[in-house]
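# Tertiary structure, described
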Amino acid sequence: MTEDFSARAAAWLEGNAPREPVAKTVEARRFQAALHDAGFAGITWPVEYGGQGLTEAERRAFDERARRFPLPSDPFLIGLGMIGPTLLDLGTPEQKRRFLRPMLRGDEIWCQLFSEPGAGSDVAGLTTRARRDGGGWVIDGQKVWTSRAEYAEWGAVLARTDPDVPRHRGITMFVVDMRSRGVRVRPLRDMTGAIRFNEVFLDAVRLPADAVVGAVGGGWDAAVRMLGHERITISERRRPRDHPASYAALSALARERGVAGDRHVHLRLAEVYRAERLAELLAARLGQEARHGRPAGPRGSAGKLAAGRLARLAADAVAEVAGPAGLAWVPGDAAAPRLAAALLDAPSARIAGGTDEIQRQIIGDRVLGLPREPAPDRDLPFSRRATGTG
Ligand SMILES: Cc1cc2nc3c(=O)[nH]c(=O)nc-3n(C[C@H](O)[C@H](O)[C@H](O)COP(=O)(O)OP(=O)(O)OC[C@H]3O[C@@H](n4cnc5c(N)ncnc54)[C@H](O)[C@@H]3O)c2cc1C
């Protein structure tokens, strides 16, 4: 059964998958719709919501085949990896019917509006506010680092709906139509030169009553659930084989540049190989367990940490193998710009989705049972929290 599926996936990918990275979102959407029509999107999601209703075995078989091609899955990562699974966990039947199929087809792209200028690692400190208005809600505030908001149609946003209860209890998650009046997206350029995240301003944005995901006041639990899916998604996200900072690409480059025999290069490459295997095995295990009913919960932080560690070691190896060409290069050196971009991109893996420090803290608190960091205002109403530095 899985062999049949795997062979079908291989044949379809051979005939339809791009050979070169797809730059335009419109083409990525077209490919995603074709993927869905062919029966390869949402492999484990329920059929009634547009999925294929198949098992983890088929999903893994497809991923293994797909890895050989530069599939344009990036625009859909937040929807399919994080928001879709959270809606499957907590959404109403209407929300699932309304949102999941267009998400799977790439018709509607999603973003996640959690982080704020003053609330990144400490998401529970957020100040974006939603107040009831008639049957619905009105939301005001500012978000930052919102990946894909520059083209997303929908977002999952966390807002404070009750400032008079302790900070973790007064938060609600909503879905917001990014085309609503009062939503303003301002792109930010990162140090690789790309626009990959944005500031988002929410100015008296009106939301209907059925925009609430889960329970009013239950936003922290919904966020923890989504962050759990996020860690698994980030750690499972396997770099394509030709990624310039993969072991395969780096060892080929080292041979090409005649430095493969160098002791330092050799050691660096061995570290990358080990870290790559470790990250892959850990992610596969956590992902498999999660889909068999044992959610990774705080253990997912180990997968996220492994992915961040791999990014750091791979960046060190890029610097070793590329030498000065990783920073400045002669025109015509085709590999160098990609290596430089890989170097500059590496730190983001240790920040996005929660920093390494925060993952270590989660493991310490909730997996190892070590003493928690003191939080004197944990049980105080949010409106009475201490602010400022005085
Ligand atoms: C590429 C990228 C994409 C992103 N995409 C999104 C997105 O789509 N949606 C979204 O909502 N957010 C997104 N983010 C934001 C990301 O989740 C935050 O940057 C991250 O959670 C850290 O928050 P911060 O930047 O506010 O840093 P801060 O919380 O200000 O932390 C600064 C430093 O202090 C450390 N620190 C903070 N608190 C503690 C503590 N208690 N103990 C020890 N160390 C601590 C941190 O580890 C960090 O090193 C993205 C970030 C990046 C880099």
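Residues numbered from 1 in each chain as written. Predicted model: local features only at pLDDT ≥ 70, side-chain atom pairs only at ≥ 80, totals over all residues. Heavy atoms only, no water.

What follows is about the UniProt feature "domain: Acyl-CoA dehydrogenase/oxidase N-terminal" (unreviewed entry) in the protein chain. The UniProt entry lists residues 29–107 under the feature "domain: Acyl-CoA dehydrogenase/oxidase N-terminal" (unreviewed entry), expressed in the numbering used here. Between the C-alpha atoms that bound residues 29–107 the distance is 7 Å, and the span itself is 59% helix and 0% strand. (UniProt positions renumbered as here; feature names shortened; annotations may be inferred. Helix = DSSP H or I, 4+ residues; strand = E, 2+ residues; numbered from the N terminus.)

Turning our attention to the layout of surface pockets. By volume, the second largest pocket is sized at about 160 Å³. Looking at the second largest pocket, it is lined by 13 residues, and the ones nearest its centre are Phe99, Val175, Pro208, Asp210 and Ala211. Every element with two or more residues in the lining of the second largest pocket is listed here: helix H5 (93–105), strand E5 (171–177) and strand E7 (195–207). Sorting elements by how many residues they give to the lining of the second largest pocket places H5 first, with four residues. (1 Å grid on protein atoms, 1.4 Å probe; cavity = no way out; pocket = protein on both sides within 12 Å on 5 of 7 lines; lining within 4 Å. Points joined across faces, edges and corners; volume = space filled by probe spheres on them.)

With that out of the way, let us pick up helix H1 (residues 2–16). Helix length check: H1 (15 residues) gives 21 Å between terminal C-alpha atoms against 21 Å at 1.5 Å per residue, within 8%. Within H1 the residues assigned to the buried category are Phe5, Ser6, Ala9, Trp12 and Leu13. In an axial view of H1, the angular spread of the buried residues amounts to 130 degrees, which keeps them on one side of the axis. Structural note: H1 exposes Glu3, Asp4, Ala11 and Gly15 on the side pointing more than 90 degrees away from its buried face. On its buried face, H1 sits against helix H2 (25–37) and helix H3 (56–66). (Expected span 1.5 Å × (residues − 1). Buried < 20%, exposed > 50% of the residue type's maximum accessible area, 1.4 Å probe, protein only. Arc of directions from axis to C-beta. Contact = heavy atoms within 4.5 Å.)

Residues given the UniProt feature "domain: Acyl-CoA oxidase/dehydrogenase middle" (unreviewed entry) here are residues 111–201. Overall, residues 111–201 shows 0% helix and 48% strand. The separation of its end C-alpha atoms is 14 Å.

Turning next to the site of the ligand. Taken together, the neighbourhood of the ligand is formed by 20 residues, with Gln112, Ser121, Trp145, Thr355 and Glu357 sitting nearest. One of the side-chain nitrogen or oxygen atoms of Ser121 is found 2.6 Å away from an oxygen atom of the ligand. Glu373 is positioned such that a nitrogen or oxygen atom in its side chain is 3.1 Å from a nitrogen atom of the ligand. Ranked by residue count, the leading element in the shell around the ligand is helix H11 (residues 356–367), at three residues. When the residues that make up the shell around the ligand are grouped by side-chain class, the tally is seven nonpolar, 11 polar and two charged. (Near = heavy atom within 4 Å. Polar contact = N/O pair within 3.5 Å; in protein donor to acceptor, adjacent residues only side chain to side chain. Nonpolar A, V, L, I, M, F, W, Y, C, P; charged D, E, K, R; others polar.)

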